[in-house]
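The residues making up each chain are set out below.
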Amino acid sequence: GDSVTQMEGPVTLSEEAFLTINCTYTATGYPSLFWYVQYPGEGLQLLLKATKADDKGSNKGFEATYRKETTSFHLEKGSVQVSDSAVYFCAPNGGSYIPTFGRGTSLIVHP
Amino acid sequence: GAGVSQSPSNKVTEKGKDVELRCDPISGHTALYWYRQSLGQGLEFLIYFQGNSAPDKSGLPSDRFSAERTGGSVSTLTIQRTQQEDSAVYLCASSSAETQYFGPGTRLLVL
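This write-up is about the structure you can find in this document.

### Considerations on the overall build of chain B
The number of helices and strands found in chain B is zero helices and ten strands. Starting at the N terminus, the α and β elements of chain B follow one another as β-β-β-β-β-β-β-β-β-β. Against the globule reference of 13 Å for 111 residues, chain B gives a C-alpha radius of gyration of 13 Å, in line with a compact fold. In terms of overall dimensions, chain B has a C-alpha envelope of 40 × 25 × 25 Å along the principal axes. For chain B, the proportion of its 111 residues judged to be buried stands at 48%.

### Side note on the sheet that holds strand β7 (residues 75-79) of chain B
All names here are of chain B. One open sheet holds the four strands; their spatial order is β1-β3-β7-β6, and the pairing between them is antiparallel. With one partner strand each, in any of the chains shown, β1 (5-7) and β6 (65-69) form the two edges of the open sheet. For this sheet, the mean inter-axis angle between neighbouring strands, taken without regard to orientation, is 15°.

### A few points about the nonpolar core
Judged by nonpolar contacts, the single largest core of 25 residues is most densely connected at L19, W35, L47, L48, L75 and Y88 of chain A. Only β2 (11-14), β3 (19-21), β4 (23-26), β5 (32-38), β6 (44-50), β8 (62-65), β10 (86-93) and β11 (105-110) of chain A provide two or more residues apiece to this core. With sequence-adjacent residues up to four places away left out, L47 of chain A is seen in contact with W35, Y36, V37, N59, K60, F62, L75 and Y88 of chain A. W34, L46, A88 and Y90 of chain B belong to the second-largest nonpolar core, a separate cluster that totals 20 residues.

### Overview of the pairing of strand β5 (residues 43-50) of chain B
Side-chain positions along a regular strand alternate between the two faces of the sheet. Residue and element names in this part refer to chain B. By the criterion of burial, β5 is predominantly enclosed, with six of the eight residues buried. Strand direction decides the pairing type here: strand β4 (residues 31-37) and β5, joined by seven bridges, are antiparallel. Opposite Y35, over in β5, you have F45 as the bridge partner. In textbook terms, the turn of a hairpin is the stretch between consecutive antiparallel strands, and for β4 and β5 this stretch comprises five residues, one of which, G40, has a positive phi near 70°.

### Some details on the interface of chain B and chain A
Interface size is commonly expressed as the accessible surface area that is lost when the partners come together. Contact with chain B, which involves 19 residues of that partner, is made by 18 residues of chain A. Surface buried jointly by chain B and chain A totals about 1,500 Å² across both partners, of which 52% is contributed by carbon and sulfur atoms. Where chain B meets chain A, there are zero salt bridges.

### Regarding the environment of P99 of chain A
Inspection of the secondary structure assignment puts P99 of chain A in the loop between β10 and β11. P99 of chain A gets classed as buried once you look at its relative accessible area, which sits at 13%. The sequence separation of P99 of chain A and G43 of chain A amounts to 56 residues, and the corresponding C-alpha distance is 16 Å. Aside from chain neighbours lying at most four places away, what touches P99 of chain A is Y33, Y35 and Q100 of chain B.

Cut-offs applied
- Residues numbered from 1 in each chain as written.
- Chains lettered and ligands numbered in written order.
- Predicted model: local features only at pLDDT ≥ 70, side-chain atom pairs only at ≥ 80, totals over all residues.
- Heavy atoms only, no water.
- Helix = DSSP H or I, 4+ residues; strand = E, 2+ residues; numbered from the N terminus.
- Rg over C-alpha atoms; globule rule 2.2 N^0.38 Å.
- Buried < 20%, exposed > 50% of the residue type's maximum accessible area, 1.4 Å probe, protein only.
- Pairing = 2+ DSSP bridges.
- Axes fitted to C-alpha atoms, helices over the stretch in contact; angles between N-to-C directions.
- Core = buried A, V, L, I, M, F, W, Y, C linked by side-chain atoms within 4.5 Å.
- Contact = heavy atoms within 4.5 Å.
- Buried area = accessible area lost by both parts, 1.4 Å probe.
- Salt bridge = Lys/Arg side-chain N within 4 Å of Asp/Glu carboxyl O.

Nothing here speaks to function; it is all geometry.
If you want it as structure tokens, here you go:
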């Protein structure tokens, strides 16, 4: 089945710093790749997705590029804000009806 | 439009009592999932419903856990004889085109 490895958190940054959260996956076939975000006290919500190699998903200043050759989908943002403090989940979907979620990476942004 | 709703938002119960958690998915979504999220942990898949098919119960941790989905819409997760280790956030999600839409969760505390 599918599996995913995310970098351990928490990631602590100052406002306006550059963010990278690494995600690598194993999946059969050609998975779609997702990043979900969970703000404090809320459920998860879709942040961005990519469905084929070299596609770039983007939303709210976040970006991630589908790298099939390295089976990676790293999340980046050029300048984080305090409001970006949340837990981020990488989730490959190789076609199974049961999605695979990473363990989540907590991001803490200080003013 | 209306998203996924869950009730109650918080539930405190005594060890040994039964609890029922409710999920109202997005109208028209045929797939519905229940997950458990323990403090600081990732998502643990519990059960999956798809239309009128038999549910996939492979993630239920014990026979104290059960779930129903009536009329292909509202779902109820029941935990019998609750234990302290059942304390967690229970998340419901409905799905369309591989994307999961999560409710805000029910925070269960078993004393």
